[in-house]
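The primary structure of each chain is shown beneath.
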Amino acid sequence: MASKTQDESDVGIFCYISKLPGFRGILKQRYSDFIVNEVDMEGKVVHLTSLDAPPEIGEETVTMIDDTASNKSYASGIDKFRSLAGDADAKRLEDFISQINSGVEDSMLPIILSPDPDKSHRTAVHNFFKQNFKFLVTDVVDGPDASSKCIRVRLNNGGHNNKGRNSKKRKERGDKPFDSRGSENWAENVGKFLRFHLYKENKETQEALGLMGKMLGIQPRSFGFAGTKDKRSISTQRVTVFKQRAAKLAALNERLIGIKVSDFCYVKEGLLLGQLMGNRFTVTLRGVVADSEDSIKASADALGRLGFINYFGLQRFGSGSVPTHLIGATLLRGEWETAVSLILDPREGERDAIAKAREYYKESNDIEGTLRQLPRHLVAERAVLQCLKKCPGNYLQALKSIPRTLRMMYVHSYQSYLWNHAASMRVQKCGADQVVLGDLVYCKGDDTETVTGCVNSECEDDKCNDAYDSNNLDEIAGADVPEERNNSVKVVTAEDILTGNYTIDDVVLPLPGSRVIYPANDIANVYHDLAKKDVISVTESVHTIKEFSITDMTGSYRRVFQRPIDFDWELLTYTDGNIPLVETDLDKIAKSKPVKIVRAEGPANGNEDSNLLDCTKQSENVENDIKLQSDENEAEGERDAQLALKLSFTLPASCYATMAIRELLKTSTSVAFHKTLN
């Protein structure tokens, strides 16, 4: 069993920008101390504003098949069918369509027509349905005796062109970010995607959408989103779902715990990973202890002025004791069986149920029994086991069965591991205040003629993302598409330094790939030397599996330094550790209208499965009345006044807020460390 929880130094995070001393502060003592609001592509911050479905959308905007004109045409079709199949089958069909018109099609059973021994007549019936009732599909089933056949008629949930499980349409759907199946009876003037704002408390994005999908009776892939958000937080983000009515989703608000949906509108396109500008963070650090308030002010001002080193945070490398970059290294070496073992083997620090399932598989090799025990959110583990069940010993195929966005995360994590070490070496050797000879920078103006490297994305299909692996994610904006997608990169020359064309803000470092260049100084050696220690080459591949090869990825660039945008900070005092210090979007809605708030709040980084607390509150007291029924926390609330620091700032996509907090506190951002501060 892996026994070491990784720390920042394990993944190349060593340096700070400012020389100011840090101070004590607890990160995420409560999940409500970390609020994330997505920023869309237009720069608009996403908020929860209205839980109601608009009447013009919630009511029958979407065309159903029970309108008068349709009924007339179906009556005519049923008369034609009567002459082809007889009164009994015509009556069955008429009743079936009436049932569809009643709006209960989701739970309807197929109808079976009378036994028909004549194959040519059955063909005529099949063709009749194709021509006259395109919302229905037919197939053949065995009749009451061995020699007879019957035609089965059912609602076509897959659209007019779906011909069953193995249809071309199904195969072509592939890894699209939404499930394109749904009723074709949709008004032409209404967008096929319902966009809404998802507000969640202490839940992973995939967990929340999985729960909603189960309630709606649709697959999780029906949803689209721009990026995953941290579990231990309160977050609001945009989501799209294929062909669902706003009223149906709004009705879920009464049933969902720690989740709300709002701000509905129909759009033509679903959201894709990476379609966001960034995130707006509101972070409250509790239990702040410093030499003086002046030292806190100096540190906060320095963060706003100088920024922080744009490291990939610990979340990038997994929350467990098996870092994702180690799995990535085994994939790059082509060690398929070892990679599978790292994914499945027992780990330290996991919940008892998961640990028990891992131990059971290690001891018994019983795939069926293990799958019954493994929680569904362990997507990678379940995919690997299900494939090994079908193809024992085929470890490469098992790895490929993991959803692409998740399996690519392992290799991306190793790229990030190399990048972090290179960034630390850049700061250690060259400082954080000036451009030096051989640095890489984004080109400006006339320098485009001297371009030596240009790349648009971190991987070929622009779908690289940490989606699915919600356990390993925190507050990153989502996609790993670089913030300057179309910018070219050049090596800084002596002339550039003399003219002062470039500043420290322009300096970038590459994430390894086939189309990137490396700095023309000692920093380039970090990539090659560190990879060599792991028996990996960043320029050659030892196997032919392209998706697990750095040389078959284009690579990308990332700014080494990042300043927080629209940065504000405020010192607060509090006496009761149970009271949220920041008003949430849901609290603001409750001021104008009573809202049923169901929350499960717990102490700092403690047991996430704490008792649920159902609080239906009125406006002015909502933020003060949400309390834990915990003797320990009540005792904490009786202590003397304590200091808290509230920070508000925006970061571009794929930047980590924890790295900004690290620069401020000068302490580790690991969960294990902040547990010790409570």
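Trainee: Describe the overall build of the chain, listing the residues and the values that go with them.
Mentor: When helices and strands are tallied, the chain shows 22 helices and 21 strands. For the chain, the proportion of its 678 residues judged to be buried stands at 55%. Contacts spanning at least 24 positions in sequence make up 79% of the contacts within the chain whose residues lie at least 6 apart. Entry remark: accessible area of the chain is about 30,100 Å², with carbon and sulfur atoms responsible for 49%.

Trainee: Kindly report on the packing of aromatic side chains, identifying the contributing residues and their values.
Mentor: Scanning the model with the defined rule gives 16 aromatic pairs in all. Ring plane angle 65° and centroid distance 5.3 Å describe the contact between Phe81 and Phe129, whose orientation is recorded as edge-to-face. In this pair, Phe81 is assigned in helix H2 (residues 68–85) and Phe129 in helix H4 (residues 119–132), connecting sequence segments 48 residues apart. Phe81 gets classed as buried once you look at its relative accessible area, which sits at 0%. Among the residues examined, Phe129 registers a relative accessible area of 1% and is labelled buried. Aromatic rings pair up to connect Phe81, Phe128, Phe129, Phe133 and Phe135 into one cluster. Against the face of Phe34 rests Lys28, its NZ or CZ located 4.4 Å from the ring centre. Above the face of the Phe312 ring, Arg558 is positioned so that its terminal group lies 3.8 Å from the ring centre.

Trainee: Lay out the environment of Leu643 with the relevant residues and their values.
Mentor: Of note, Leu643 is situated in strand E21 (residues 642–652). For Leu643, a relative accessible area of 17% translates into the label buried.

Trainee: Describe in detail the packing of helix H15 (residues 404–430) against helix H17 (residues 523–533), supporting the description with residues and values.
Mentor: It is the contact of H15 with H17, at a shortest axis distance of 9 Å, that shows an interaxial angle of 140°. Compared by their axis directions, H15 and H17 come out oblique. For the pair H15 and H17, the crossing hand works out as right-handed. Facing Tyr414, Tyr417, Leu418, Trp419, His421, Ala422, Met425 and Arg426 of H15, the residues of H17 in contact are Ile523, Val526, Tyr527, Leu530 and Ala531. Across the contact of H15 with H17, the residue classes break down as 11 nonpolar, one polar and one charged.

Trainee: I'd like a rundown of the sheet that holds strand E3 (residues 111–112), residues and numbers included.
Mentor: In spatial order, the strands read E3-E5-E4; together these three strands make up an open sheet with antiparallel pairing. Of all strands in the sheet, those with a lone pairing partner are E3 and strand E4 (136–142), marking the two edges. In this structure, E3 lies alongside strand E5 (residues 149–155), joined through two bridges in antiparallel fashion. Directly across from Ile112, in E5, lies its bridge partner Arg152. Most of the contacts of H4 go to E4, to which it runs at about 155°, and overall it touches E4 and E5.

So, how was this worked out
Residues numbered from 1 in each chain as written. Predicted model: local features only at pLDDT ≥ 70, side-chain atom pairs only at ≥ 80, totals over all residues. Heavy atoms only, no water. Helix = DSSP H or I, 4+ residues; strand = E, 2+ residues; numbered from the N terminus. Buried < 20%, exposed > 50% of the residue type's maximum accessible area, 1.4 Å probe, protein only. Contact = heavy atoms within 4.5 Å. Areas by Shrake-Rupley, 256 points an atom, 1.4 Å probe, with all protein chains shown as cover. Phe/Tyr/Trp six-rings, centres within 6.5 Å; stacked < 30°, edge-to-face > 60°. Lys NZ or Arg CZ within 6 Å of the ring centre and 35° of its normal. Axes fitted to C-alpha atoms, helices over the stretch in contact; angles between N-to-C directions. Parallel < 35°, antiparallel > 145°, perpendicular 65-115°, else oblique. Left-handed = near helix turned anticlockwise from the far one by under 90°. Nonpolar A, V, L, I, M, F, W, Y, C, P; charged D, E, K, R; others polar. Pairing = 2+ DSSP bridges.

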